[in-house]
Each structure stands twice: as C-alpha cells, then as structure tokens.
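Next come the chains, spelled out residue by residue.
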Amino acid sequence: MKPWETVERAEVPDVGEVVLARRDEEYVLRVRGQTLMSSRQHGSERAMAEAGCANLAADAPARVLVGGLGFGFTVRAVLDRLGPGSRIVVAELISPVVEWNRGVLAPLAKAPLEDPRVTVVEGDVGKVMRRQQGAFDAILLDVDNGPTALTHPDNDSLYDIAGVSHAFNSLRSNGTLVVWSAGPSLAFVKRLEEVGFSVQLLHPTAHGTKGTRHTLFVARRASKAKSPSSSRPPSRR
Ligand SMILES: C[S@@+](CC[C@H](N)C(=O)[O-])C[C@H]1O[C@@H](n2cnc3c(N)ncnc32)[C@H](O)[C@@H]1O
C-alpha cells in the first residue's frame, strides 16, 4: 500500500504537533500522532447537519454554531440546508486547520469558508458558547472522539455539567444541540437531561450506508427550562 505523504505540519501551542497527510484522494488530520478525522468518513457529519437543522424553517433566517471546522463537511451540509439570510459561526481551535481549509482542503467540501454566510472564529467553541447567550438555533459540536477529549484536555469542559449548561444557555428556545461521538454514553445523556434537554440518539454510518456506526446525541431545548434552576450548572451527583 502507498505510504502517507505529509502535506502540511504545524506545532500548535497547547495542542502539539498537527499533521495533514494524504494518500491518493484521502486526507487525514492527525493530532499528536492520533488520527482525528479522515476525508473518507463524513456520513455522520451530514447526519449532524440534518439533525441540527431539522426544526428550522427553510425560509426563516437561522443562526448556527459549528465547532470545529475539520475538513468543512458539516459546514457545507449546514449551508446546503439554510437560506440566504442565515448565518453560520464556525469555531476552530487550530488556526492552521483554518488556513488549510482556505487552501489545499477547500475542494473537499466545495470551499464552504468562501460563502458569505460563514464567519470563522479561531478559538475554543466553548468560549463562543459562554460569550453568546440565547444566540443560536442550532449548535453542532464535533471536536473530538465524543465526551472523552482527544484534541485538547480542556475539551472535557465542553461535556461536563457546566459545559452542557453553557450549550443550553447559548441556544434560543426550541434550539438543538448535536454532539458527535464515536460511541454512546449513558452518563452524557443523563447530564444533558439534567440541564433540561430532551435527548434522542442517532447512529449514522461513517461512510455511505456501510461501515462503522457513530453516535449523535441530539438534544432539544424546550421553549422553557425545566425549572428556574435548570439552566444553571447544578452540582455533580
Ligand atoms: C473531527 S474534526 C471535525 C470534523 C468536521 N465535522 C467536518 O465536517 O470535517 C474536529 C475539529 O475540531 C477542532 N477542535 C478541537 N477542539 C476544539 C475546540 N475546543 N474548539 C473549536 N474547535 C476544536 C479540531 O481542530 C478539528 O478541526
């Protein structure tokens, strides 16, 4: 089999070595030697966009937060579902990933960053959620292997009770949070329910109709919080 060819490489503060490698038509993104994603497996990225945008009216302007960018498949799938007045904020922790998406990776998802509806924030998606309360109709989180951080240890704070509370508060009423994961986690479902989400699990295939199944936590925010305290971070049980 052909060896992988390193296309780009960067040393990123607080993250470590990030490598973009290619073999034939396939690209992979590696963080500290571990593969974070492959361009061959993006079925569940499309499913994320479908689940997150399912409740949005086609003709009403929507505001969607996507974290992180990866190869841009989720952003493209969201753009394909939204009208001209909608806005997508993409938060990406690793600046070179943004640069590569504007260059060598752009054709993979038909250059989503060139769409005027897209704004890129280079930084932590958790910070965007904390800063922007009641701002989004949908938040799509695909930053790791799921509720276990891989890219950065600080990502654990996206999935703990305070993290899911920030996501809840960053959504508009009736908004939807979708979290990508390599596998299910009952503890994470309970945490989402604890802050007031109603949760459904989807298991899309990674590639076409075959192959590995991933998990999507689809968490809908009711128009009103369950109780006056449910939108604040409760203590861990
Ligand atoms: C698996 S990829 C996302 C794939 C993406 N859904 C797509 O369509 O290509 C994960 C991305 O999240 C980024 N990331 C990791 N932690 C992040 C954070 N805390 N905030 C924003 N982006 C983050 C990584 O650098 C990487 O680009």
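Residues numbered from 1 in each chain as written. Predicted model: local features only at pLDDT ≥ 70, side-chain atom pairs only at ≥ 80, totals over all residues. Heavy atoms only, no water.

Draft legend 1. Fine view of helix 7 (residues 186–194). Those residues of helix 7 lying buried are Phe188, Val189, Arg191 and Leu192. With its buried residues spanning 160 degrees around the axis, helix 7 presents them on a single face. On the buried face of helix 7, the contacting elements are helix 5 (156–159), helix 6 (161–170), strand 9 (171–181), strand 10 (197–202) and strand 13 (215–221). Backbone geometry just after helix 7 places glycine 196 at a positive phi near 115 degrees. (Buried < 20%, exposed > 50% of the residue type's maximum accessible area, 1.4 Å probe, protein only. Helix = DSSP H or I, 4+ residues; strand = E, 2+ residues; numbered from the N terminus. Arc of directions from axis to C-beta. Contact = heavy atoms within 4.5 Å.)

Draft legend 2. Here's a closer look at the site of the ligand. Inspection of the region around the ligand gives 22 residues, with Phe71, Thr74, Glu92, Asp142 and Asn155 positioned closest. For the ligand, an oxygen atom lies 3.1 Å from a polar atom in the backbone of glycine 70. Take aspartate 142: an N or O atom from its side chain is 2.7 Å from a nitrogen atom of the ligand. Protein coverage of the free-state accessible area of the ligand, which is 610 Å², stands at 99%. Of all the elements in the fold, those that place two or more residues in the shell around the ligand are strand 4 (34–38), helix 2 (73–79) and strand 6 (87–92). For the shell around the ligand, the per-class residue count stands at 11 nonpolar, seven polar and four charged. (Near = heavy atom within 4 Å. Polar contact = N/O pair within 3.5 Å; in protein donor to acceptor, adjacent residues only side chain to side chain. Areas by Shrake-Rupley, 256 points an atom, 1.4 Å probe, with all protein chains shown as cover. Nonpolar A, V, L, I, M, F, W, Y, C, P; charged D, E, K, R; others polar.)

Draft legend 3. Up close: the nonpolar core. Counting 42 residues, the largest nonpolar core has Val64, Phe71, Val78, Leu82, Ile88 and Trp100 as the members making the most contacts within it. Every residue in contact with valine 64, bar those within four places of it in the chain, is listed here: Leu56, Val78, Leu82, Arg87, Ile88, Val89, Phe136, Ala138 and Leu140. Counting residues in each nonpolar core, the second largest holds 27 residues, with Val128, Val164, Leu171 and Phe217 among its members. (Core = buried A, V, L, I, M, F, W, Y, C linked by side-chain atoms within 4.5 Å.)

Draft legend 4. Looking closely at the packing of aromatic side chains. In the structure shown here, the tally under the stated rule is four aromatic pairs. Relative to phenylalanine 197, the ring of phenylalanine 168 lies with its centre 5.1 Å away and its plane at 75 degrees, an arrangement referred to as edge-to-face. Of this pair, phenylalanine 168 sits in helix 6 while phenylalanine 197 sits in strand 10; the two residues are 29 residues apart in sequence, bridging distant segments of the chain. For phenylalanine 168, a relative accessible area of 0% corresponds to the buried category. Seen in terms of ring centroids, phenylalanine 188 and phenylalanine 217 are 4.9 Å apart; in terms of plane orientation they differ by 85 degrees. Their pairing is edge-to-face. Of this pair, phenylalanine 188 sits in helix 7 while phenylalanine 217 is found in strand 13, placing the two residues 29 residues apart along the sequence. Each of the two residues, phenylalanine 188 as well as phenylalanine 217, counts as buried. Ring pairs connect the aromatic residues Tyr159, Phe188 and Phe217, which therefore count as one cluster. The ring of tryptophan 4 has arginine 30 sitting right over it, with the charged end atom 5.5 Å from the ring centre. (Phe/Tyr/Trp six-rings, centres within 6.5 Å; stacked < 30°, edge-to-face > 60°. Lys NZ or Arg CZ within 6 Å of the ring centre and 35° of its normal.)

Draft legend 5. Main features of the pairing of strand 13. Where burial is concerned, most of strand 13 is hidden: six out of the seven residues are buried. Relative to strand 13, strand 9 runs antiparallel, the two being bridged by six bridges. Paired with valine 179 across the two strands is phenylalanine 217, which belongs to strand 13. Across six bridges, the pairing between strand 10 and strand 13 is antiparallel. Bridged to leucine 202 within strand 13 is leucine 216. (Pairing = 2+ DSSP bridges.)

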